[in-house]
Structure formats: structure tokens, C-alpha cells
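For reference, the chains in residue letters:
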Amino acid sequence: MSDKKHEYQVDLDWKEDRVGTLSSPELDDKIEVATPPPFDGGVEGIWSPEHLFVSSVSSCFMTTFVAIADYSKLKFENLSVKATGKLDKEDGKFVVSEITLNPELTIAEEKFSDKAKRIMEKAEEACLITRSIKTKIHFEPKVTIAALN
């Protein structure tokens, strides 16, 4: 990646009530977004800004991890990341106060467990989204060994 500045354009069109559609001239898919159900007028079953905020942290971890693992020649079988954002009030206003990331990495050989955990920790530290927000991130990685068939 070059050191020059990059821009990412996202467009939002209000649809009805508390629902809108996100799009980008750079992408093919559109995402429907809405106020989450806990808030007045919230809509069930549609991505909310809160979901997207938490997903930006988890997807940044994943993309950063894959890049570092590739560079470090770490082979892995699977990576899944569960992420939970906690909404609190601070000074009478809602904030996402913390996000817990629970990545689980599956590797084939136990001898690479320490290397795998170090790469996961490096990825969490290097994630540009995590570094760009004030929300506290709890990182709880797990490395498992793939079962031999």
C-alpha cells in the first residue's frame, strides 16, 4: 500500500421511516440500514449503524490478520471472529464503549501455536480501524489445532 491518501465513498439514500440504503460507486452491493430495535422506531432484521461499527472492527482484524499471516508464511485452516459491541451512556449520551473480539484461528500443526497467537496479536494492534476509534477493544484470541482425520 502506498503512503498516499485513500478515500472511500459511501452514499446513503433514505428509503422510508427509519430505513435507508447504503451504496458506494466502488462496490456492487447495497446494504439496507435502519435504527436498531432497542431504540424507538427501530427495525428488526436490518443492519444498524451499531452493527456496522462493530463489523468494521472485526473485518479490519480479519483483513489485517490475513495479510500478516501471508507475509509471515503462517498457514491456517480457518478463522472465525465473534465480535460484541457494548452500548453505554457517557455524560448522558450513547456511545459504543467497548468491543470484544473473540477470534478463533484453526491451524494444522501445534508447533505453530505461539507464532499464530503472536500474529493474531500483531493484527489486532495494526488494525487501522481499531487505531482510529476511541472505543476500548477487548481482544481474546484462541488458537485451535485442526483434528486429524
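What counts, and where the lines are drawn
- Residues numbered from 1 in each chain as written.
- Predicted model: local features only at pLDDT ≥ 70, side-chain atom pairs only at ≥ 80, totals over all residues.
- Heavy atoms only, no water.
- Pairing = 2+ DSSP bridges.
- Helix = DSSP H or I, 4+ residues; strand = E, 2+ residues; numbered from the N terminus.
- Axes fitted to C-alpha atoms, helices over the stretch in contact; angles between N-to-C directions.
- Polar contact = N/O pair within 3.5 Å; in protein donor to acceptor, adjacent residues only side chain to side chain.
- Contact = heavy atoms within 4.5 Å.

**Student:** Give me the lowdown on the sheet that holds strand S3 (residues 31-34), citing residues and values where you can.
**Tutor:** Across a sheet, strands are paired by hydrogen bonds formed along the backbone, either parallel or antiparallel in direction. Strand order in the open sheet formed by 3 strands is S1-S2-S3, and the pairing between neighbours is antiparallel. In this open sheet, the two edge strands, each paired with only one partner strand, are strand S1 (11-16) and S3. Going across the sheet, the axis of each strand differs from the next one's by a mean of 30°, ignoring polarity. By the bridge criterion, 5 bridges tie S1 to strand S2 (residues 19-23) in an arrangement that is antiparallel. The residue of S2 that forms the bridge with Glu16 is Val19.

**Student:** I'd like a rundown of the side chain of Thr64, residues and numbers included.
**Tutor:** Within the secondary structure, Thr64 is located in helix H1 (residues 49-71). For Thr64, the side chain forms a polar contact with the main-chain oxygen of Cys60, separated by 2.7 Å. Ignoring any residue separated from it by four or fewer positions in sequence, one finds Thr64 in contact with Ala123, Ala126 and Cys127.

Functional significance is not addressed by these values, which are geometric in nature.
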